[in-house]
Amino acid sequence: MDRNNQFFDKVEKKTNVKKEDIFKLAQTVSNENLRDERTLRRLISQVASLAGVPVSKQKEDQIVSAVINNNVPLDFNTLSKMFENK
């Protein structure tokens, strides 16, 4: 099994979100400006809804701040390592 499939299998196991839903969401935001606060908040809401996980206003603010300030790893290898450590 290749590394990308392993990553998505781990994500699906931890979040109960199917790989197909992740790809669909990624496709819808691929042309979005992820430095725009309103866009980020909408995306956070969509992801939270998809995963069935509530996100507090404080957590949403932290996520928005991290993304806008470029403090979030966006490559698969780094994200995969984050999931392995949890």
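Quick caveat: nothing in here was measured; it's all calculated off a predicted structure.

### Focus: the packing of aromatic side chains
Applying the stated criterion across every chain, the model contains 2 aromatic pairs. Ring geometry for phenylalanine 7 against phenylalanine 8: centres 5.2 Å apart, planes inclined by 75°, an arrangement best described as edge-to-face. An identical accessibility class is assigned to phenylalanine 7 and phenylalanine 8; each is buried. Ring geometry for phenylalanine 8 against phenylalanine 23: centres 4.9 Å apart, planes inclined by 50°, an arrangement best described as tilted. With phenylalanine 8 in helix α1 (residues 3–15) and phenylalanine 23 in helix α2 (residues 19–29), this residue pair connects regions lying 15 residues apart in the sequence.

### Thoughts on the environment of asparagine 5
With respect to the helices and strands, the residue asparagine 5 is situated in helix α1. Asparagine 5 sits in the partly exposed class, given a relative accessible area of 26%. Each C-alpha atom of the pair asparagine 5 and lysine 19 lies 8.9 Å from the other, and the pair is 14 residues apart in sequence.

### Some remarks on the side chain of glutamate 60
Structurally, glutamate 60 is set in helix α4 (residues 57–68). Polar side-chain contacts of glutamate 60 include one of 2.6 Å to the side chain of arginine 41. If sequence neighbours within four positions are ignored, glutamate 60 has contacts with Arg41, Ile44 and Val55.

Conventions adopted
Throughout this document, residue positions are counted from 1 along each chain, in the order its sequence is written. Only residues with pLDDT of at least 70 get local features here, since the model is predicted, and only at 80 or more are side-chain atom pairs given and counted; chain-wide, interface and lining totals rely on the full set of residues. Note that the side-chain values use all heavy atoms of the structure and ignore hydrogens as well as water. Between 30 and 60 degrees the pair is tilted, below 30 it is stacked and above 60 it is edge-to-face, where a pair is any two Phe, Tyr or Trp rings, Trp via its six-membered ring, whose centres lie within 6.5 Å. Burial classes: relative accessible area under 20% of the type maximum marks a residue as buried, over 50% as exposed, and values in between as partly exposed (1.4 Å probe, protein chains only). A run of DSSP states H or I qualifies as a helix once it reaches four residues; a run of E qualifies as a strand once it reaches two. Both are numbered from the N-terminal end. Side-chain atoms alone can form a polar contact between residues adjacent in sequence; in general such a contact is a pair of N or O atoms within 3.5 Å, and within protein one must be able to donate a hydrogen while the other accepts it. The contact criterion used is simple: two residues touch if any of their non-hydrogen atoms lie within 4.5 Å.

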